[in-house]
Amino acid sequence: MDSASASDIVIIHGNSHPDLANLVAERLGIKNAGCSVFHKTNRETMVEIGDSVRGKDIYIIQTGTKDANNNIMELLIMAYACKTSSARSIVGVIPYLPYSKQCKMRKRGCIVTKLLAKMMCTSGLTHIITMDLHQKEIQGFFDIPVDNLRASPFLLQYIQESIPDYRNSVIVARNPGSAKKATSYAERLRLGIAVIHGEQKEAESDQVDGRYSPPPTSSRTRTISVSVGVPEHPPKVKPPINLVGDVNGRIAIMVDDLIDDVQSFVAAAEVLKESGAGKIYLLATHGLLSSDAPRLIEESHIDEVVVTNTIPHEIQKLQCHKIKTIDISILIAEAIRRIHNKESMSYLFRNVTLED
């Protein structure tokens, strides 16, 4: 980035992922601005911006981690501080959007992602850069532009360059909900696909929401007979976990957008191993790896877990040697450069379909 263009750009970050912020700033050839984010003794979040941001384009790099609530408050306060300091534009660079899995209505619950989007817009953010949203329709919750970047080119390159004999592989969807993403990978690599059906844990799409709450019956109603009433919605009975597709003697590659609780992936790996699979790889964009995920992965049939550095996971890598990391800072830096220079973002989405 040339010096004239870089003079109006300011990058600040919170405490969620300073390493990624430094990598992005280094690729852009600029320094992070002086911004201190800390917590008082009563756990309130304090933000102090050391440099002037008046008339500048601000890029706040703040991702979601296991400390999601603090990450969100830091982002909102930083954005509002820039807004009240007369910044020209405030772009939130949020590689992993917290609460993105709570984007559907649940029984007596709410769509938390919509609430978060409203809070971000109110805080002063004028643009959002994120990566591999859990559902692409989340972009519609925001009243500001959202660029949903894709990590799939990096993961596809890893498969082609780092998995020996990847032509003898099968792309595996750990549940029918992941079949669309697995199909996209399989078509690009010209490989077969397998789907695991039936789970011990209830799938997200099968959880009961408010639409299944039966209305109260009344003896005075004139439209429905008391003897008939409203038909009860029959519950879904999941079959035992089984594999649809052939992985015998093949390399199995599971793909997903987020690895958080790994128990379902471990159970899927057991099914793949019982079906004759050779090596088993697990690829995802976001590696949250909560709780005892490193230990479960280490003891499982999974041979390698590959995630990007949208979320810091250095401690988990020390606990499990199977975890590998792909650096995607170059993609974020290029997105920032293009937005700042008012260039088209289409290049970053070339050959990417809506199913990715």
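Presented here is an overview of the structure given in this document. For every chain, the first residue of the written sequence is number 1, and numbering continues from 1 onward in sequence order. In keeping with the predicted nature of the model, local features appear solely for residues at pLDDT of at least 70, side-chain atom pairs appear and are counted solely at 80 or more, and the whole-chain, interface and lining totals rest on all residues. The side-chain numbers reported here are obtained from all heavy atoms of the structure, hydrogens and water having been left aside.

### Observations regarding the overall build of the chain
Part 1 of the reasoning: Note on conventions: DSSP H or I runs of at least 4 residues are helices, E runs of at least 2 residues are strands, and numbering of each starts at the N terminus. Along the chain, the regular secondary structure elements total 10 helices and 14 strands.
Part 2 of the reasoning: A 1.4 Å probe and the Shrake-Rupley method give the accessible areas. Residues count as covered only by the protein chains that appear here. Just so you have it, the chain exposes about 18,000 Å², and 51% of that area is on carbon and sulfur atoms.

### Points about the nonpolar core
Part 1 of the reasoning: Grouping buried Ala, Val, Leu, Ile, Met, Phe, Trp, Tyr and Cys residues that are joined through side-chain atoms within 4.5 Å yields what is termed a nonpolar core. Type-normalised accessible area, obtained with a 1.4 Å probe on protein chains alone, sets the label of each residue: buried when under 20%, exposed when over 50%, and partly exposed for intermediate values. Among the nonpolar cores identified, the biggest contains 48 residues, and V24, I171, I253 and I336 are the most heavily contacted of them.
Part 2 of the reasoning: Top element by residues in this core is helix α10 (residues 329-340). It accounts for six residues.
Part 3 of the reasoning: Boundary definitions for the domains trace back to an automatic or database domain assignment. Two domains share this core, each providing at least three of its residues, namely domain 1 (9-149) and domain 2 (153-199 + 240-326).
Part 4 of the reasoning: Here, residues are in contact when the closest pair of their heavy atoms is within 4.5 Å. Those residues within four positions of V24 in sequence are excluded, and the remaining contacts are I11, I61, S329, I332, A333 and I336.
Part 5 of the reasoning: Counting 32 residues, the second largest nonpolar core, distinct from the first, contains L76, M78, L97 and I128.

### Side note on empty space enclosed by the protein
Part 1 of the reasoning: Definitions used for this entry: grid spacing 1 Å over protein atoms alone; cavity, a set of points where a 1.4 Å probe fits but cannot get out; pocket, an open set with protein on both sides within 12 Å along at least 5 of 7 lines; lining residue, one with an atom within 4 Å of a point. Grid points are joined across faces, edges and corners, and a volume is the space filled by probe spheres set on the points. Going through the model one piece at a time under the given rule, you end up with three cavities of 30 Å³ or more.
Part 2 of the reasoning: When its volume is computed, the largest cavity comes out at roughly 50 Å³.
Part 3 of the reasoning: For the largest cavity, the full set of lining residues is P95, Y96, L97, S100, T130, M131, D132, L133, H134, D257, L258 and H286.
Part 4 of the reasoning: Counting only elements with at least two residues in the lining of the largest cavity, the list comes to β6 (127-131) and β11 (251-259).
Part 5 of the reasoning: Classification convention: Asp, Glu, Lys, Arg as charged; Ala, Val, Leu, Ile, Met, Phe, Trp, Tyr, Cys, Pro as nonpolar; all other residues, Gly among them, as polar. In terms of residue class, the lining of the largest cavity is built from six nonpolar, four polar and two charged.
Part 6 of the reasoning: Taken domain by domain, the makeup of the lining of the largest cavity includes at least three residues from each of domain 1 (9-149) and domain 2 (153-199 + 240-326).

### Notes on the packing of aromatic side chains
Part 1 of the reasoning: The criterion for an aromatic pair is that two Phe, Tyr or Trp rings (for Trp, the six-membered ring) have centres within 6.5 Å, with stacked assigned to planes under 30 degrees apart, edge-to-face to planes over 60 apart and tilted to the rest. The full count for this structure, using the stated rule, is zero aromatic pairs.
Part 2 of the reasoning: Above the face of the F265 ring, R174 is positioned so that its terminal group lies 4.4 Å from the ring centre. Any Lys NZ or Arg CZ found within 6 Å of a ring centre and within 35 degrees of that ring's normal is scored as a charge over the ring.

### Notes on the sheet that holds strand β12 (residues 280-287)
Strand pairs in the sheet, formed through backbone hydrogen bonds, run parallel or antiparallel to each other.
Part 1 of the reasoning: Pairing is mixed across the open sheet formed by seven strands, whose spatial order is β10-β9-β8-β11-β12-β13-β14. The open sheet terminates on both sides in strands that have one partner only, identified here as β10 (242-244) and β14 (323-326). On average, adjacent strands in this sheet sit at an angle of 25° to one another, irrespective of strand direction.
Part 2 of the reasoning: Two strands pair under a simple rule: DSSP has to find at least two bridges between them. The pairing of strand β8 (residues 169-173) with β11 spans four bridges and is classified as parallel. Looking across to β11, one finds that I171 is bridged to I253. The axes used here are C-alpha line fits, helices contributing only the stretch in contact, and every angle between their N-to-C directions lies in the interval 0 to 180 degrees.

### Details of the sheet that holds strand β4 (residues 57-61)
Part 1 of the reasoning: Overall, parallel pairing links the five strands, which are arranged β1-β4-β5-β6-β7 in an open sheet. A single partner strand is all that each edge strand has here, and the edge strands are β1 (9-13) and β7 (146-149). When strand polarity is set aside, the average angle formed by the axes of neighbouring strands in this sheet is 20°.
Part 2 of the reasoning: Sheet topology places strand β5 (residues 89-94) next to β6; four bridges connect them, and they run parallel. From the neighbouring strand, V91 faces β6, where its bridge partner is H127.

### Quick notes on the pattern of salt bridges
Part 1 of the reasoning: Any Lys or Arg side-chain nitrogen found within 4 Å of a carboxyl oxygen on Asp or Glu counts as a salt bridge. Applying the stated criterion across every chain, the model contains 13 salt bridges.
Part 2 of the reasoning: In this structure, E343 and R338 form a salt bridge, with 3.8 Å as the shortest nitrogen-oxygen distance.
Part 3 of the reasoning: For E343, a relative accessible area of 33% translates into the label partly exposed.
Part 4 of the reasoning: In this structure R338 comes out as buried when scored by relative accessible area, which is 12%.

### A word on the environment of I328
Part 1 of the reasoning: As for its position among the elements, I328 is in the loop between β14 and α10.
Part 2 of the reasoning: A relative accessible area of 0% places I328 in the buried class.
Part 3 of the reasoning: Separated by 304 residues in the primary sequence, I328 and V24 have C-alpha atoms spaced 9.1 Å apart.
Part 4 of the reasoning: Each residue touching I328, except ones within four places of it in the same chain, is listed here: L20, M131, F154, T308, N309 and T310.

### Some thoughts on the side chain of D257
Part 1 of the reasoning: For D257, the position within the fold is in strand β11.
Part 2 of the reasoning: Lys and Arg are tallied as positive, Asp and Glu as negative. Neither His nor the chain termini are counted. Buried D257, no salt bridge; nearest opposite-charge side chain is K181, N-O distance 6.1 Å.
Part 3 of the reasoning: Any N or O atom pair separated by 3.5 Å or less is treated as a polar contact, with the protein-specific requirement of one donor-capable and one acceptor-capable atom, and with residues adjacent in sequence counted only for side-chain atom pairs. Within the local environment of D257, its side chain forms a polar contact with the side chain of H134, the two groups lying 2.9 Å apart.

### Some points on the pairing of strand β9 (residues 192-197)
Part 1 of the reasoning: Bridge analysis of β8 against β9 gives four bridges, and the strand direction is parallel. Residue V170 lies in a different strand from β9, and its bridge partner there is G192.
Part 2 of the reasoning: Following the backbone out of β8, through helix α6 (residues 179-189) and into the adjacent parallel β9, one traces a crossover that is right-handed.
Part 3 of the reasoning: Across three bridges, the pairing between β9 and β10 is antiparallel. Within β10, the residue paired with H197 across the bridge is N242. Here is how to tell: hold the view so the strands point away, follow the path from the first strand over the helix to the second, and if it runs clockwise the crossover is right-handed.

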